[in-house]
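Each chain, letter by letter, is given below.
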Amino acid sequence: STPDDLGIVAEQALRIENILCEQERLRQDSPVTEPVSITELLRDGVGMLAQWHREYLLLNITPQVEAVGKAVVPRITMAQVLANILTNAAEAAEE
């Protein structure tokens, strides 16, 4: 009957709306990921360092590191993490 059909359509529309709202929430909460090589991430991280930190570091990217290939990661976030690790290493070398 028509009222029953309308109830089903309304229920399905509500489900679709809930799914779309959840997808929008996840899209806003999730960082953008992309395939990026470890070598690129390391170079990005070094690029974020202060000049005086760079003076204490020698970045030697071996063929083994290059062979790792690419990882699908949030590039900027990972570069910032690496920059923090490299900063800590530079500060430890300074001491």
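Here, the structure is the one placed above.
Residues numbered from 1 in each chain as written. Predicted model: local features only at pLDDT ≥ 70, side-chain atom pairs only at ≥ 80, totals over all residues. Heavy atoms only, no water.

Peer 1: Can you lay out the side chain of Thr-87 for me, pointing to particular residues and giving the numbers?
Peer 2: Along the chain, Thr-87 falls in helix 5 (residues 75-94). Setting aside residues up to four positions removed in sequence, Thr-87 forms contacts with Leu-49 and His-53. (Helix = DSSP H or I, 4+ residues; strand = E, 2+ residues; numbered from the N terminus. Contact = heavy atoms within 4.5 Å.)

Peer 1: Before we move on, can you summarise helix 5 with the specific residues and values?
Peer 2: A rise of 1.5 Å per residue sets the reference length of helix 5, with its 20 residues, at 28 Å; its end C-alpha atoms lie 28 Å apart and thus fit the reference within 8%. Buried residues of helix 5: Ala-79, Leu-82, Ala-83, Leu-86, Thr-87 and Ala-90, and no others. Within helix 5, the buried residues cover an arc of 150° as seen down the axis, which keeps them to one side. Of the exposed residues in helix 5, those oriented more than 90 degrees away from the buried face are Asn-84 and Asn-88. Buried residues in helix 5 make contact with helix 2 (38-47) and helix 3 (51-54). (Expected span 1.5 Å × (residues − 1). Buried < 20%, exposed > 50% of the residue type's maximum accessible area, 1.4 Å probe, protein only. Arc of directions from axis to C-beta.)

Peer 1: Can you explain the pattern of salt bridges? Please cite residues and give values.
Peer 2: A full pass over the atoms with the stated rule returns 3 salt bridges. Here Arg-75 makes a salt bridge to Asp-44, at a shortest N to O gap of 2.6 Å. Of this pair, Arg-75 sits in helix 5 while Asp-44 is found in helix 2, placing the two residues 31 residues apart along the sequence. A relative accessible area of 25% means that Asp-44 is categorised as partly exposed. Residues joined by salt bridges that share partners form a network here, namely Glu-34, Glu-40, Asp-44 and Arg-75. (Salt bridge = Lys/Arg side-chain N within 4 Å of Asp/Glu carboxyl O.)

Peer 1: Could you give an account of the packing of helix 2 against helix 5, with specific residues and numbers?
Peer 2: Helix 5 packs onto helix 2 with a crossing angle of 60° between their chain directions and a minimal axis gap of 8 Å. Two packed elements cross with a definite hand, and for helix 2 against helix 5 that hand is right-handed. Residue-level contacts link Glu-40, Leu-41, Leu-42, Asp-44, Gly-45 and Val-46 of helix 2 to Arg-75, Met-78, Ala-79, Leu-82, Ala-83 and Leu-86 of helix 5. Class assignment for the residues of the contact of helix 2 with helix 5 results in 8 nonpolar, 1 polar and 3 charged. (Axes fitted to C-alpha atoms, helices over the stretch in contact; angles between N-to-C directions. Left-handed = near helix turned anticlockwise from the far one by under 90°. Nonpolar A, V, L, I, M, F, W, Y, C, P; charged D, E, K, R; others polar.)

Peer 1: With reference to specific residues and values, describe the side chain of Ser-37.
Peer 2: Mapped onto the fold, Ser-37 is located in strand 1 (residues 34-37). Judged by relative accessible area, Ser-37 falls into the buried class, the value being 15%. With residues near it in sequence (within four places) discarded, Ser-37 still touches Gly-69 and Lys-70.

Peer 1: Requested: an account of the environment of Val-46, with residues and values cited.
Peer 2: As for its placement among the helices and strands, Val-46 is situated in helix 2. Sequence separation between Val-46 and Val-65 is 19 residues, and the spatial gap between their C-alpha atoms is 16 Å.

Peer 1: Report on helix 2, specifying residues and quantitative values.
Peer 2: Within the span of helix 2, buried status applies to Thr-39, Leu-41, Leu-42 and Gly-45. All buried residues of helix 2 fall inside an arc of 160° around its axis, so they share one side.

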